[in-house]
Amino acid sequence: MTSGLPGYEAAIRSRGLTKSFGDQTAVQSVDLEVPKGAVYGFVGPNGSGKTTTIRMLLDLIRASGGEHELLGLPMPARSGEVLGRVGSLVEGPAFHPYLSGHANLTRLDAADRLSDPRTAKRRVSAALDRVGLLAAGRKPYRAYSLGMRQRLAIAAALREPRELLVLDEPTNGLDPQGTREVRSLVASLATAGATVLISSHLLSEVQQICTHLGVMRAGKLVAQGPLAEIRAQGDTRVSVETDRVEDAARVLRSLGVTEVRLDGGRVQGVLNDVVVARIVPALVENQVPVLGFGVAAQSLEDRFVELTGEGFDVSG
Ligand SMILES: Nc1ncnc2c1ncn2[C@@H]1O[C@H](COP(=O)(O)OP(=O)(O)OP(=O)(O)O)[C@@H](O)[C@H]1O
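Since the model is a prediction, treat every value here as computed from it, not as a measurement.

1. Observations concerning the overall build of the protein
Consideration 1: Across its full length, the protein carries eleven helices and 15 strands.
Consideration 2: Dimensions of the protein, computed from C-alpha atoms along their principal axes, come out at roughly 85 × 40 × 40 Å.
Consideration 3: Expressed as a percentage of the 316 residues in the protein, the buried residues total 39%.
Consideration 4: Taking the contacts inside the protein whose residues are at least 6 apart along the sequence as the reference set, 67% of them involve residues at least 24 apart.

Below, the structure is given as structure tokens:
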């Protein structure tokens, strides 16, 4: 595969990507598959290994094991060719507090050996415009809100056209307005044709714009795929309201419903392959009065709690 050819299908692909710090394995055998053109939400609780994975992908740290490619080219062997086509926001660039946003970007641009100084002015203005900071571009950086600082950091990654954008927690610490701004910015970048990987510990902050999800838990990738596929992998639950919960539970179990739980005047369980139309007749046949009945697919949020364990804040 040669740089510049649109011959690759996965913008990011890794096999067995692993990173250990001493005897702690922070990332364990991660097989990422980020299709070209996707907005890939890389989600998981704090400490689950997202940043470490991203740092390996961008060659900011070396993997302890495994391999990966970006834009169809093996990394780190071809990083010189690849990284100019990849915009990233990991720790955020170090901005000078007393310089304006515009001056900060101009300095960054001047330090970038890949950028043509003749077009710097246009590039910096276009990048500021892209993130909605053109008007505020003359203000000193120290006067920027956190949201503005984050947008300036994204602008830094956008000085050049990028085929792939890797954004580590770009909404972290932002207020709802800032989060919305970053979200709609990411959506517009994707519409313009870039592949985007965006990490977050909050599903709610990325799910509206993602086409794909990768879910990390304790260093492992526990689910990955198109959003709809991950949602569909969730269990469908059946719920019966009755005043004879013990009998109802027995009937449900006999039909093949699993994880049956009593919850006040209600019995719930996982439907599996049980034919829904059989359930009420079977209950009635066994003298269980059915006061209410429902079948519902698990929500994406519930699926996430299940995948990532307790304590994963999905409320946003
Ligand atoms: N340089 C390092 N030295 C030692 N341990 C590290 C280092 N970097 C990360 N870790 C550990 O690796 C694990 C994964 O951390 P990482 O930052 O990748 O998680 P994360 O999912 O990005 O979380 P967060 O959202 O908090 O950044 C954590 O237990 C962390 O303490």
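2. Here's the deal with the site of the ligand
Consideration 1: In the neighbourhood of the ligand, 13 residues make up the surrounding shell, with F21, A26, N46, T51 and T52 lying closest.
Consideration 2: Per-element accounting of the shell around the ligand gives the leading share, three residues, to helix α1 (residues 50-57).
Consideration 3: Grouping the amino acids of the shell around the ligand by side-chain chemistry returns two nonpolar, nine polar and two charged.

3. Comments concerning the sheet that holds strand β12 (residues 236-241)
Consideration 1: Reading across from one edge, β13-β14-β12-β15 is the order of the four strands in this open sheet, with antiparallel pairing throughout. With partners counted over all chains shown, the strands left at the sheet margins are β13 (258-263) and β15 (292-297), one partner each. Taken over all neighbouring pairs, the strand axes of this sheet differ in orientation by 15° on average, direction set aside.
Consideration 2: Here five bridges tie β12 to strand β14 (residues 266-270), and the two strands are oriented antiparallel to one another. Of the residues in β14, the one forming a bridge with S239 is Q268.

4. As for the nonpolar core
In summary, soluble globular proteins display a tendency toward joint burial of nonpolar side chains.
Consideration 1: In this structure, A155 and V196 are the most contacted members of the largest nonpolar core, which totals 62 residues.
Consideration 2: The dominant element in this core, judged by the number of residues it contributes, is helix α5 (residues 146-157), at six residues.
Consideration 3: Leave out the neighbours within four places in its chain, and V196 touches V39, Y40, L165, L167, V186, L189 and A190.
Consideration 4: L252, V267, L271 and L283 belong to the second largest nonpolar core, which has twelve residues in total.

5. A closer look at the domain arrangement of the protein
Consideration 1: According to the domain assignment, the protein contains domain 1 (10-225) and domain 2 (236-297).
Consideration 2: Here the C-alpha centre of domain 2 lies 47 Å away from the C-alpha centre of domain 1.

6. Points about the UniProt feature "domain: ABC transporter" (unreviewed entry) in the protein
Consideration 1: UniProt tags residues 12-243 as "domain: ABC transporter" (unreviewed entry).
Consideration 2: The span residues 12-243 is 31% helix and 29% strand, and its two end C-alpha atoms sit 54 Å from each other.

7. Details of the pairing of strand β5 (residues 65-70)
Consideration 1: Note: strand β1 (residues 10-21) against β5, five bridges, orientation antiparallel. Note on β5: the bridge partner recorded for I12 is L70.
Consideration 2: Turn length for the β5-strand β6 (residues 73-75) hairpin, with the two strands adjacent in sequence and antiparallel, is two residues, and the turn residue L71 shows positive phi of about 50°.

8. Points about the packing of α5 against helix α6 (residues 176-191)
For any two helices packed against each other, one specifies the crossing angle of their axes together with the interaxial distance.
Consideration 1: Contact geometry of α5 with α6 gives a least axis separation of 9 Å together with a crossing angle of 15°. Here α5 lies roughly parallel to α6, going by the angle between them. Once α5 is placed against α6, the crossing between them reads as right-handed. Mapping the contact onto sequence places L146, G147, Q150, R151 and I154 in α5 and Q177, G178, E181, V182 and L185 in α6.
Consideration 2: Of the residues contributing to the contact of α5 with α6, the split by class is four nonpolar, four polar and two charged.

9. Looking at α1
Consideration 1: Burial analysis of α1 places eight of its eight residues in the buried class, which makes it a mostly covered element.
Consideration 2: Phi turns positive, to about 65°, at D59, one or two residues after α1.

10. Let's talk about the environment of V34
Consideration 1: With respect to the element layout, V34 can be found in strand β3 (residues 33-35).
Consideration 2: Taking the number of C-beta atoms within 10 Å as the measure of exposure, V34 has 24 and is therefore buried.
Consideration 3: For the pair V34 and G147, spaced 113 residues apart in sequence, the C-alpha to C-alpha distance is 27 Å.
Consideration 4: Here V34 is in contact with A10, A11, I12, Y40, T195, L197 and H212, once residues within four sequence places are set aside.

The rules behind each value
Residues numbered from 1 in each chain as written. Predicted model: local features only at pLDDT ≥ 70, side-chain atom pairs only at ≥ 80, totals over all residues. Helix = DSSP H or I, 4+ residues; strand = E, 2+ residues; numbered from the N terminus. Buried ≥ 20, exposed ≤ 12 C-beta atoms within 10 Å, placed from the backbone. Contact = placed C-beta atoms within 7 Å. Near = placed C-beta within 6 Å. Nonpolar A, V, L, I, M, F, W, Y, C, P; charged D, E, K, R; others polar. Pairing = 2+ DSSP bridges. Axes fitted to C-alpha atoms, helices over the stretch in contact; angles between N-to-C directions. Core = buried A, V, L, I, M, F, W, Y, C linked by C-beta atoms within 7 Å. Domains from an automatic or database assignment. UniProt positions renumbered as here; feature names shortened; annotations may be inferred. Parallel < 35°, antiparallel > 145°, perpendicular 65-115°, else oblique. Left-handed = near helix turned anticlockwise from the far one by under 90°.

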